[in-house]
Amino acid sequence: MIDLATSVTALSPQVTAPQGIQKVAAEFDDSVFSAIGQVDKIHGHADNALELLASGQQVDLHGTMIALEKADIALRTMVSVRDKVVGAYEQIMNMAI
Amino acid sequence: MDIIDTFNISASGLAAQRVRLQTISSNLANARTTRTENGGPYQRRSPIFEASAIDSFGSRLDRALSSVNISGIDVATGPGRRVHDPSHPDADASGHVLFPDIDILHEMVDLMTASRSYEANANVLDTTSELANRALQIGR
């Protein structure tokens, strides 16, 4: 979303995006990246659990399944949020000016 | 309190029931064991569970919820069951043998409740996951 703000300023050098918008965009950017990082971490846990189970070091079936389920839900949540954000972006881009 | 916490609580329940199953299997396998490293018959094992707060620094709701912890495995200290069997290699001078004080029926009932508890915890997990997926479909 920060790209949206920077592209606005790039297209019209005379009109810079208001400070407020840039700040909000940066905050949104941060939260998206931290959320993706969180999802990645949960997937790392699932990967690790799967590896331990497969190599026979840890025979914790339910632990592995739960880690996989957590990863599944985290990914689905991320995809849902992405769908919403992309939907909002498309709606704004299609706006008739 | 997010959905991951619910998963963690149920996971602790599953782990606890698995330990319970393990003690039952140990008790059943050794129901007639007369020799142990410490001498004397095998002693019945039973797990000790303790509630532990999932987040003692969290909100009021989080502090009220707890997962289950296995704080230890109790080993019985009874003398065992005295059975008269002079032909047994471990019989004492009077012909008595000390067998573990394990009631197979009791263990079987314990096994049933442990397996049902495991199922119950697994069901909570499934339901939680279903609800999460349902919530993600809001507005589709």
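Just so we're clear, the structure is a prediction, and the values are computed from it rather than from any experiment.

Enquirer: Explain the overall build of chain A to me, using residue names and the numbers behind them.
Expert: Check the secondary structure of chain A and you find three helices and zero strands. Starting at the N terminus and walking to the C terminus, you meet the elements of chain A as α-α-α. With 97 residues in all, chain A has 9% of them scored as buried. Relative to all contacts within chain A whose residues are 6 or more apart in sequence, the contacts with residues 24 or more apart total 47%.

Enquirer: Tell me about the nonpolar core, and name the residues and values.
Expert: Counting residues in hydrophobic clusters, the biggest one holds 12 residues: Ala46, Ala49, Ile66, Ala67, Ala71, Ile73 and Ala74 of chain A together with Phe7, Ala11, Leu14, Leu125 and Ala132 of chain B. With five residues, the top contributor of residues to this core is helix 3 (residues 61-93) of chain A. Other than its neighbours up to four places away in sequence, Ala74 of chain A contacts Val39 and Ile42 of chain A.

Enquirer: Before we move on, could you go through the packing of helix 2 (residues 19-54) of chain A against helix 3 of chain A and cite the residues and values that matter?
Expert: All names here are of chain A. Relative orientation of the contacting elements helix 2 and helix 3 amounts to 155°, with a least axis distance of 8 Å. Comparing the axis directions of helix 2 and helix 3 gives the class roughly antiparallel. By crossing handedness, the relation of helix 2 to helix 3 is classed as left-handed. Residues Ala35, Ile36, Val39, Ile42, His43, His45, Ala46, Ala49, Leu50 and Leu53 of helix 2 pack against Gly63, Thr64, Ala67, Leu68, Lys70, Ala71, Ala74, Leu75 and Met78 of helix 3. By residue class, the composition of the contact of helix 2 with helix 3 is 14 nonpolar, four polar and one charged.

How each quantity is defined
Residues numbered from 1 in each chain as written. Chains lettered and ligands numbered in written order. Predicted model: local features only at pLDDT ≥ 70, side-chain atom pairs only at ≥ 80, totals over all residues. Helix = DSSP H or I, 4+ residues; strand = E, 2+ residues; numbered from the N terminus. Buried ≥ 20, exposed ≤ 12 C-beta atoms within 10 Å, placed from the backbone. Contact = placed C-beta atoms within 7 Å. Core = buried A, V, L, I, M, F, W, Y, C linked by C-beta atoms within 7 Å. Axes fitted to C-alpha atoms, helices over the stretch in contact; angles between N-to-C directions. Parallel < 35°, antiparallel > 145°, perpendicular 65-115°, else oblique. Left-handed = near helix turned anticlockwise from the far one by under 90°. Nonpolar A, V, L, I, M, F, W, Y, C, P; charged D, E, K, R; others polar.

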